[in-house]
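Chain residues, written in single-letter form:
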Amino acid sequence: MSEVITKSNTAPKVGFVSLGCAKALTDSELILTQLSAEGYQTSKTFQGADLVIVNTCGFIDDAVRESLDTIGEALAENGKVIVTGCLGAKAGEGGGNLVRQMHPSVLAVTGPHATQEVMDAVHSHCPKPHDPFLDLVPNAFGSAGIELTPRHYAYLKISEGCNHRCTFCIIPSMRGDLVSRPIGDVLKEAKALFEGGVKELLVISQDTSAYGVDVKYRTGFWDGKPVKTRLFELVQALGEMADAHGAWVRLHYVYPYPHVDEIIPLMATGKVLPYLDVPLQHSHPEVLRRMKRPASGEKNLERILRWREACPEIVIRSTFIAGFPGETEEEFEHLLGFMREAKIDRAGCFAYSPVEGAAANELPGMLPAEVREERRARFMAVAEEVSIAKLQQRIGATMQVLVDSAPALGRKGGVGRSYADAPEIDGTVKLLPPEKISKTLKVGEFTRARIVGTQGHDLVALPI
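Given the structure is predicted, the values throughout are model-derived calculations rather than measurements.

**Details of unusual backbone geometry**
Point 1. The residue K343 is not glycine, and still its phi comes out positive at about 55°.
Point 2. The topology assignment puts K343 in the loop between α11 (329-342) and β15 (346-351).
Point 3. Under the relative-accessibility criterion, K343 is labelled partly exposed at 42%.

Here it is as C-alpha cells:
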C-alpha cells in the first residue's frame, strides 16, 4: 500500500513587532519585504504565528524596558521568538548579550540592519515556502519593497551608523560608523516610492548632513548621469523627482554643518519643503563640549538666523536634553534664552537619562532626577510659548495640506498636515467640514485650506 504525501498550501505566518525610531522602521520594512518575497505571511497575533520577530530599541531605559517586555510577551504567547535591532547589540552584565541574559529561550539575536541574519534564523526555524525568484511581492512599491507607513508617505534611509561619539549616545556602538548607501540605489528607491503614489518622502539617517563623507563623496550614477554622493546633489535630485510627481521631500536628522547652507536656496525656491529637523541638544558651549557635539551654540544661532533670512518660511524642529551632567542653572537659562531667540518652531525635550554604556554617566555633577524633570518641564513651557506664538501668526493664511484622515470623504472634516508638520512628531491641521457641498477630501491627496484658528499645537483650517 502506497502512502500519498500532499504538500500543505498554507504559507507559514510570522508575527512582527517594530519598536523604536523611523530608522528601525525602515529595517523592519526590509525584513518584511524579504519575508513577503519568499512567501511568508504576516500574523496579526502572536498566537496565530509560526514564530515572532521583535525589532527592538535600546537607546534609552524606557525603550529597553518596552523591548524586553515585548519579547517576554511574545515568548509567553508564542514561544518562538527572533530578536533583532539595537537592543540585540547591547551588552549585559559581564559583557554577555543582554537579551539572552534576560530571555535565554529566544531562538536568535541580531543587531540592527541585519536583514540576512534575521532571514537565516527564520529559515532555520520556519523553512521558506517557495523560491523568491519565481514570485512577486504583493502590496509592495516595486523595488522599494513593503512600507509600514500609510501609502501616501514613506521614510527613505540614506545611510546607516554615525561617526560622532556624543557622550550621551550609544547608537554607534550598536549601529557602527557611517555607511552611506550608493546614491543610485537611494534615487532608485525614491523613484519607486513616488511612482507607487507616495506624496511625502521623509529622508532619514543617523546623520543626514554627513551623507557621502565615508566614501569621500564619490561619483555614482543615476539615470545614466554622474551624480556625487553628497547631500546637496541628493536633495537636488529628490526635489526634481518630487516636483514631477507633485510630492513633498522632508529632511530629518540634519546636523548644522556649514554645507547645509547650500540646501536653503532649494527650500526657498520650493524644490524641497522649507523644514529642517536639526538635533541641537543644547545651546551652551560648555554643555555641548561635555556632550562632544560637533557644533557650538553660538554658531548654531547665527546659522539659524541666516537660514531664516534666506528662507523666511523655514520651519525648524529640534530635540534637546535638560539636566545633562554638570549642567548649571546658568547654562540651563542659556538654553531657554536660545529657544526664545532662535524661535525653534517645534521642540522636544528629554530629561537626561543615564543610558547604560554612555560615557556621560562618568561625568561629574549628575543631577537629581527631580531637578532633571523640573528643568524639562520648564523647557517645554518655553517651547510651547514659542510654538503657539508662531502658530498664531498663521491665522488667515492659506496653506497646502496633505490629508491623513478623511471619514465620509471629508464631509465631516478630517486631519492633515502642512509643510510645517512631520508625521507623528509634530502637530496637525484639523480640517473643518467644507462649506461647499461639492468639496471632498481624500487621504493621500492635497487640499488647500484657510487657517481659522489654533488648538494647542495644532492648526484649525477650512478646506477651500
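From this point, the discussion proceeds with the structure in view.
**Notes on the environment of S124**
Point 1. Secondary-structure assignment places S124 in helix α4 (residues 115-125).
Point 2. For the pair formed by S124 and A108, sequence separation is 16 residues and the distance between their alpha carbons is 10.0 Å.

**So, the sheet that holds strand β1 (residues 13-18)**
Point 1. Reading across from one edge, β2-β1-β3-β4-β5 is the order of the five strands in this open sheet, with parallel pairing throughout. Bordering the open sheet on either side are β2 (41-43) and β5 (108-109), each of which pairs with just one other strand.
Point 2. Two elements, β1 and β2, share three bridges in a ladder whose sense is parallel. Note that in β2 the partner of K13 across the bridge is Q41.

**Observations regarding the pattern of salt bridges**
Point 1. A full pass over the atoms with the stated rule returns 27 salt bridges.
Point 2. Here E189 and R181 are joined by a salt bridge, their closest N and O atoms 2.7 Å apart.
Point 3. Using a relative accessible area of 25% as the deciding quantity, one classes R181 as partly exposed.
Point 4. Measuring nitrogen to oxygen at the nearest pair gives 2.9 Å for the salt bridge that ties R230 to E233.
Point 5. A single network of salt bridges, built from pairs that share partners, joins E327, E329, E333, E374, R375 and R378.

**As for the environment of V429**
Point 1. By the element assignment, V429 lies in strand β18 (residues 429-431).
Point 2. Placed 26 residues apart in sequence, V429 and Q455 show a C-alpha to C-alpha distance of 9.3 Å.
Point 3. Beyond its immediate sequence surroundings of up to four residues, V429 is in contact with V401, G414, V415, G416, R417, S418, D421, L459 and A461.

**Describing the confidence of the model for the chain**
Point 1. Overall, the prediction assigns the chain a mean pLDDT of 88, with 93% of residues at 70 or greater.
Point 2. Contacts for the low-pLDDT stretch residues 1-9, under 50 throughout, to residues beyond four places or in other chains number one contact.
Point 3. Note on residues 132-137: pLDDT under 50 across the span, and eight contacts to partners over four residues away in sequence or across chains.

**Some thoughts on the side chain of R290**
Point 1. With respect to the helices, strands and loops of the structure, R290 is situated in helix α9 (residues 285-291).
Point 2. R290 has contacts with T167, F324, P325, G326, E327, E331 and L363, leaving out every residue within four places of it along the chain.

**Remarks on the pairing of strand β17 (residues 414-417)**
Point 1. Of the pairings in the sheet, the one linking strand β16 (residues 398-405) to β17 comprises three bridges and is antiparallel in character. In the sheet register, S405 faces β17, and the bridge partner there is V415.
Point 2. As paired strands, β17 and β18 are joined by three bridges and run antiparallel to one another. Residue pairing in the sheet places G416 in a bridge with V429 of β18.

**Considerations on the nonpolar core**
Point 1. In terms of nonpolar packing, the biggest core is built from 59 residues, with L276, I344 and F379 touching the most fellow members.
Point 2. When residues in this core are grouped by element, the largest group, seven residues, is from helix α7 (residues 231-244).
Point 3. Sequence-distant contacts of L276, that is, excluding residues within four places in its chain, are made with L251, V254, V260, I264, M267, W307, I314, V315, I316 and R317.
Point 4. The next biggest cluster of nonpolar side chains, apart from the first, holds 26 residues, and it includes Y153, M399, L402 and A422.

So, how was this worked out
- Residues numbered from 1 in each chain as written.
- Predicted model: local features only at pLDDT ≥ 70, side-chain atom pairs only at ≥ 80, totals over all residues.
- Heavy atoms only, no water.
- Helix = DSSP H or I, 4+ residues; strand = E, 2+ residues; numbered from the N terminus.
- Buried < 20%, exposed > 50% of the residue type's maximum accessible area, 1.4 Å probe, protein only.
- Pairing = 2+ DSSP bridges.
- Salt bridge = Lys/Arg side-chain N within 4 Å of Asp/Glu carboxyl O.
- Contact = heavy atoms within 4.5 Å.
- pLDDT = per-residue confidence, 0-100.
- Core = buried A, V, L, I, M, F, W, Y, C linked by side-chain atoms within 4.5 Å.

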